[in-house]
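Residues per chain are reported as follows:
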Amino acid sequence: MIIRRIMQLYFLLLYLWAGYQFFSLVESTLAGDIANFSLRFPVIETFLPLSALVGLKQLISTGVFDQIHPAGLSILLIVFFSALVFRRGICSHICPIGTLSELLNYGRTQLLRLKIPLPRIVHYLLMLPKYILLFFFIQVILVQMSGADAAAFIYSSYNIISDAKMLAFFLNPSPLMLKVIGSLVVMTILIPFFWCRYLCPYGALLNIAAIFSPLQIRRQPNLCDSCGICDKQCPTNLQISKSTGIISPECTCCQRCITACPTKAINFYNRLTATALKPMHYSIALLLLFAIGIISAQVSGHWTSPVLPLFWAKYLPQISVIPHP
């Protein structure tokens, strides 16, 4: 659990630092200075999932890896593969939105001690939007879009500066956007991990991959005293005390149920090797997989764009001005 907390803090600070550095890069470029791309951390392309999906379409159709935002596509592939092996551990260990949601949940439990119980049918109905969004994007991009159209989008001015557009969007929010963000914060306080559980299409994609993972949370009935603490700890409302093995793709492997169990009846279990895995070992293995994926992308030339600097100064003025945060 401590390793997971350290990972959450590290990646949250990394994303904040990458965002600040990127802001400095955009601001200096708009001021007429020569772009210093050492300020641009490719990890910011994590927040360009649709661009990455189009890049995946181009890769599947033409065999050409995205040359504009290669880190975005690499991260998409790494995260998807990690879900095949380690389920949705990325959500509870690395994703900054998941970390912020957990902080909100902690504040709620400490200050308000308020939790709205949802009937199971309502819970399942609320999960539909993220799958509808996911299958819409899959249909439009991976199914209907041609390889030529995908390549055209990749090299379009819109996609080239989509990261800067995203920055401007968040630094200069419209009244509607503020209302939406405010509503999501309120809903997350009332219903833990509201965005992650019910609206995140990225999470829906990982759910599909997690179905094939050999890893699961296992409860040993001979050690369990049916206290129900594990059920109360689960942020995704899974009924752990009533199951021998948790195979639901909604499980983010946050380890709460494992560390909270007073009788140590719950653990990670690998169905292929029929062995248990300690929470610390799980977190370290997940981190190593993520690190190896990024290093492999860097070594293979699929992390930093070789051509983006050529287009940067040309298209960036379309942003006009980036307000100070």
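Residues numbered from 1 in each chain as written. Predicted model: local features only at pLDDT ≥ 70, side-chain atom pairs only at ≥ 80, totals over all residues. Heavy atoms only, no water.

Undergrad: I'm lost on the pairing of strand E1 (residues 215-219) in this one. Help?
TA: Of all five residues in E1, four are buried, a share of seventy percent or more. Here E1 runs beside strand E3 (residues 266-270); their pairing, made up of five bridges, is antiparallel. Residue pairing for E3: Gln 216 is matched across the bridge by Tyr 269. Bridge analysis of E1 against strand E2 (residues 245-246) gives two bridges, and the strand direction is antiparallel. Paired with Ile 217 across the bridge in E2 is Ile 246. (Buried < 20%, exposed > 50% of the residue type's maximum accessible area, 1.4 Å probe, protein only. Helix = DSSP H or I, 4+ residues; strand = E, 2+ residues; numbered from the N terminus. Pairing = 2+ DSSP bridges.)

Undergrad: Explain unusual backbone geometry to me, please; I cannot follow it from the model alone.
TA: Glycine aside, a negative phi is what most residues show, and trans is what most peptide bonds show. Unusually for a residue other than glycine, Ser 226 sits at a positive phi of about 55°. Along the chain, Ser 226 turns up in the loop between E1 and helix H14 (229-233). Given the relative accessible area of 57%, Ser 226 is considered exposed. Of note, Cys 253 is a non-glycine position whose phi angle comes to about 55°, a positive value. When its relative accessible area of 1% is taken as the criterion, Cys 253 is described as buried.

Undergrad: Whenever I open this one, the packing of helix H1 (residues 2-30) against helix H10 (residues 162-171) confuses me. Can you help?
TA: When two helices pack together, their arrangement is given by the angle between their axes and by how far apart the axes lie. Where H1 meets H10, the closest approach of the two axes is 11 Å, and the angle between their N-to-C directions is 105°. By the angle between their directions, the pair H1 and H10 is classed as roughly perpendicular. Within the contact between the two elements, H1 uses Phe 22, Phe 23 and Val 26 and H10 uses Asp 163, Ala 164, Leu 167 and Leu 171. Taken together, the residues of the contact of H1 with H10 sort by class into six nonpolar, no polar and one charged. (Axes fitted to C-alpha atoms, helices over the stretch in contact; angles between N-to-C directions. Parallel < 35°, antiparallel > 145°, perpendicular 65-115°, else oblique. Contact = heavy atoms within 4.5 Å. Nonpolar A, V, L, I, M, F, W, Y, C, P; charged D, E, K, R; others polar.)

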